[in-house]
Amino acid sequence: KVANGLGINKVGYNTIIAQLSGGERAKLMLSKLLLESPDVMLLDEPTNYLDIEAIEWLEEFLINFENTVIVVSHDRYFLNTVCTHIADIDFGKIQVYTGNYDFWYESSQLALKQMKEQIPSICEQNAMVPQSVENIVLKACAKNPKNRYNSALEMHEDLKNSLKEENKTYTN
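Residues numbered from 1 in each chain as written. Predicted model: local features only at pLDDT ≥ 70, side-chain atom pairs only at ≥ 80, totals over all residues. Heavy atoms only, no water.

## Brief notes about the overall build of the chain
In step 1: Within the chain, the secondary structure is distributed over seven helices and four strands.
In step 2: Secondary structure of the chain in N-to-C order comes out as α-α-β-α-β-α-β-β-α-α-α.
In step 3: Scored against the burial criterion, the 172 residues of the chain give a buried share of 33%.
In step 4: Across the chain, contacts joining residues at least 24 apart in sequence account for 45% of those joining residues at least 6 apart.
In step 5: Here the chain has roughly 11,600 Å² of accessible surface; of this, 53% comes from carbon and sulfur atoms. (Helix = DSSP H or I, 4+ residues; strand = E, 2+ residues; numbered from the N terminus. Buried < 20%, exposed > 50% of the residue type's maximum accessible area, 1.4 Å probe, protein only. Contact = heavy atoms within 4.5 Å. Areas by Shrake-Rupley, 256 points an atom, 1.4 Å probe, with all protein chains shown as cover.)

## Digging into the environment of Asn 100
In step 1: Within the secondary structure, Asn 100 is located in the loop between β4 (93-98) and α5 (101-125).
In step 2: A sequence separation of 15 residues divides Asn 100 from His 85, and the C-alpha atoms of the two residues are 6.1 Å apart.
In step 3: In this structure the side chain of Asn 100 is engaged in a polar contact, spanning 3.2 Å, whose partner is the side chain of Asn 80. (Polar contact = N/O pair within 3.5 Å; in protein donor to acceptor, adjacent residues only side chain to side chain.)

## Re the environment of Cys 83
In step 1: For Cys 83, the position within the fold is in the loop between α4 (76-82) and β3 (85-90).
In step 2: A sequence separation of 20 residues divides Cys 83 from Ile 63, and the C-alpha atoms of the two residues are 8.3 Å apart.

## Details of helix α2 (residues 22-36)
In step 1: The end-to-end C-alpha separation of α2 is 21 Å, in line with the 21 Å expected for 15 residues at 1.5 Å each.
In step 2: What α2 keeps buried is the set Gly 23, Lys 27, Leu 30, Ser 31 and Leu 34. Within α2, the buried residues cover an arc of 100 degrees as seen down the axis, which keeps them to one side. Facing away from the buried side of α2, by more than 90 degrees, are the exposed residues Met 29 and Lys 32.
In step 3: At its buried positions, α2 is contacted by α1 (2-6), β1 (40-44) and α3 (52-64).
In step 4: Note on α2: the residue one or two positions beyond its end, Ser 37, has a positive phi of about 50 degrees. (Expected span 1.5 Å × (residues − 1). Arc of directions from axis to C-beta.)

## Some remarks on the nonpolar core
In step 1: By size, the foremost hydrophobic cluster in this structure holds 23 residues, and its most contacted members are Leu 6, Leu 30, Leu 34, Leu 50, Leu 58, Leu 62 and Phe 78.
In step 2: Only α1, α2, β1, α3, α4 and α5 provide two or more residues apiece to this core.
In step 3: In terms of residues, this core owes the most to one element, α3, which gives five residues.
In step 4: When near neighbours in sequence (up to four residues on either side) are disregarded, Leu 34 contacts Val 2, Leu 6, Met 41, Trp 57, Leu 58 and Phe 61. (Core = buried A, V, L, I, M, F, W, Y, C linked by side-chain atoms within 4.5 Å.)

## Examining a nonpolar patch on the surface
In step 1: Together, Val 40, Leu 42, Ile 70 and Val 72 make up an exposed nonpolar region whose accessible area comes to about 360 Å².
In step 2: At the level of secondary structure, the elements contributing two or more residues to the nonpolar patch comprise β1 and β2 (68-72).
In step 3: Its location among the elements puts Val 40 in strand β1. (Patch = residues over 30% accessible without salt bridge, like charges linked within 9 Å, V, L, I, M, F, W, Y side chains within 5 Å. Salt bridge = Lys/Arg side-chain N within 4 Å of Asp/Glu carboxyl O.)

## Some remarks on the side chain of Ser 73
In step 1: Residue placement: Ser 73 occurs in the loop between β2 and α4.
In step 2: One polar contact links the side chain of Ser 73 to the main-chain amide nitrogen of Asp 75, over a distance of 3.0 Å.
In step 3: Contacts of Ser 73, omitting those with residues within four sequence positions, involve Glu 45, Pro 46, Thr 47, Phe 78 and Leu 79.

## Let's talk about the pairing of β1
In step 1: Here β1 shows one buried face, formed by Met 41 and Leu 43, and one open face, formed by Val 40, Leu 42 and Asp 44.
In step 2: Looking at chain direction, β1 and β2 are connected through five bridges and run parallel. Looking at β2, one finds that Val 40 is bridged to Thr 68.
In step 3: One crossover worth recording links β1 to the parallel β2 by way of α3, and it is right-handed. (Pairing = 2+ DSSP bridges. Right-handed = clockwise from strand over helix to strand, strands pointing away.)

Below is the structure:
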């Protein structure tokens, strides 16, 4: 069933592994992994080298697979079909979203929009910062990616702490 689903039967069961192409070997290794039914399965770009029929078969297999599957993939359609949770790993932090790829995308875009809306107030709070440091913070705020938001906050805290250590006045 697995061999047929992934198209290995088209290669022939008596073919010597050394004679298989890279894609055919990948299918063979994937089929071996699926047959082992591990408690946790890590799949890195599992749709590579698969034709549409094999991808559809794999989607159905994974949907019905009772154990845990962790998938790393750029195939959004595949992720939408098989994923029930998305782990967004960004700058050393993991945010887990319950839902498929589309839900994650909409949720992360909303969070990014909310952060962008907060950036002007953060930049205003830094109005009392000495000019050279203020330029650094404003550059971080101006670029607007969500990772810059956190960087701006960290720089702000670092500046406050260093000014306190030097006994300089700082009001916020």
